[in-house]
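# A look at the structure
These are the residues of each chain, in order.
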Amino acid sequence: MKNILITGFDPFHGETINPSFEIIKFLDTSAFHANIHIAEIPTVFYDASKKVIDLIHTIKPDIVIMLGQAGGRKEISLERVAINIDDANIPDNLGRMPSNQPISVFGPTAYFASLPLAQLESVLKSKHIPVAISNTAGTFVCNHLMYSVLHEAHVNNLNMIAGFIHVPYLPEQTLTKPSKFSLDQSIMVQALEIIIETLIDL
């Protein structure tokens, strides 16, 4: 059976929940023909990537699915590319706000996700789930994590595929933000289940 690592972040920037981990908690991991490992990651530059990379070397996953919150987006975003820059406009959970700093001084400008994004997008659209391939993972901790994991896989020739998926707010997060889009938890859980099943069948 395949080993799959799925990560989500803890709440940040004044939020009390983070949909990226909330939806993971509702997965029935026993329903999949795979070994599913889940982890909550701190929204902290470098600490997040260190935790995930340590887990990768321990678990040796075939597939890594990283989730993060993108409040304000209208659909599930399958991230195509991570860029080699940290440029925060809000602090992480330790108050760090790097500005125009490379993630790796030795790394390339960018890495592309190794998940089959077009296939995942097609399957999700066939189930009427709002989804799109995104060309920007931002310059906050989400992008930092995606870049760092793909860099680790590249330099160590790890036999795995990996990518990052941004999810919208949950409805309860928008009660004081009525202009912001949200997506029901059940829809996002269903989307994650479909993604996992699709990747298992590769």
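Residues numbered from 1 in each chain as written. Predicted model: local features only at pLDDT ≥ 70, side-chain atom pairs only at ≥ 80, totals over all residues. Heavy atoms only, no water.

## So, the layout of surface pockets
By volume, the largest pocket is sized at about 400 Å³. Residue lining of the largest pocket: 20 residues in total, with Phe12, Gln69, Ala70, Ile90 and Phe140 positioned closest to the centre. (1 Å grid on protein atoms, 1.4 Å probe; cavity = no way out; pocket = protein on both sides within 12 Å on 5 of 7 lines; lining within 4 Å. Points joined across faces, edges and corners; volume = space filled by probe spheres on them.)

## Looking at the nonpolar core
Ile4, Ile6, Ile65, Ile76, Val149 and Ile196 are the most contacted members of the largest nonpolar core, which totals 66 residues. For this core, the leading source of residues is helix α5 (residues 185-200), giving nine residues. When sequence neighbours within four positions are dropped, the list of residues in contact with isoleucine 6 reads Ile24, Leu27, Ile36, His37, Ile38, Ala39, Ile65, Leu67 and Ile196. (Core = buried A, V, L, I, M, F, W, Y, C linked by side-chain atoms within 4.5 Å. Buried < 20%, exposed > 50% of the residue type's maximum accessible area, 1.4 Å probe, protein only. Helix = DSSP H or I, 4+ residues; strand = E, 2+ residues; numbered from the N terminus. Contact = heavy atoms within 4.5 Å.)

## Side note on the packing of aromatic side chains
Here the structure, examined in full by the defined rule, presents four aromatic pairs. Their ring planes at 40° and their centres at 5.7 Å tell us that phenylalanine 12 and phenylalanine 140 sit as a pair that is tilted. Note that phenylalanine 12 is positioned in the loop between β1 (2-9) and α1 (19-25) and phenylalanine 140 in the loop between β7 (131-134) and α4 (141-155), a separation of 128 residues in sequence. Classification of phenylalanine 140 by relative accessible area gives buried; the value is 15%. (Phe/Tyr/Trp six-rings, centres within 6.5 Å; stacked < 30°, edge-to-face > 60°.)

## With respect to empty space enclosed by the protein
For the structure shown, the criterion picks out one cavity of 30 Å³ or more. Approximately 50 Å³ is the volume attributed to the largest cavity. Lining the largest cavity are Ile23, Leu67, Ile76, Ile165, Val167, Met188, Ala191, Leu192 and Ile195. Those elements that provide at least two residues to the lining of the largest cavity are β8 (161-167) and α5. Each residue belonging to the lining of the largest cavity can be placed in one class, and the counts come to nine nonpolar, no polar and no charged. (Nonpolar A, V, L, I, M, F, W, Y, C, P; charged D, E, K, R; others polar.)

## With respect to the sheet that holds β8
Taken together, the six strands give an open sheet; going across it, the order is β2-β1-β3-β8-β4-β7, and neighbouring strands pair in mixed fashion. Both outer strands of the open sheet, β2 (34-41) and β7, are each paired with one neighbouring strand and no more. Each strand of the sheet is rotated relative to its neighbour by a mean of 25°, with strand direction disregarded. In terms of strand pairing, strand β4 (residues 76-79) meets β7 through four bridges, oriented parallel. Of the residues in β7, the one forming a bridge with isoleucine 76 is valine 131. With respect to the sheet, α4 is in contact with β1, β3 (63-69), β4 and β8, its orientation differing from that of β8 by roughly 170°. Against the sheet, α5 makes contact with β1, β2, β3, β4 and β8, and its axis sits at roughly 160° relative to β3, the strand it touches most. (Pairing = 2+ DSSP bridges. Axes fitted to C-alpha atoms, helices over the stretch in contact; angles between N-to-C directions.)

## Observations regarding the environment of asparagine 93
By the element assignment, asparagine 93 lies in the loop between β5 (81-83) and β6 (110-112). As for asparagine 93 and aspartate 10, which are separated by 83 residues in sequence, their C-alpha atoms are 9.1 Å apart. In this view, asparagine 93 contacts Asp10, Pro11, Phe12, His13, Thr43 and Val44; residues no more than four positions away in its chain are not counted. Polar contacts involving the side chain of asparagine 93 include one to the side chain of aspartate 10, which spans 3.1 Å. (Polar contact = N/O pair within 3.5 Å; in protein donor to acceptor, adjacent residues only side chain to side chain.)

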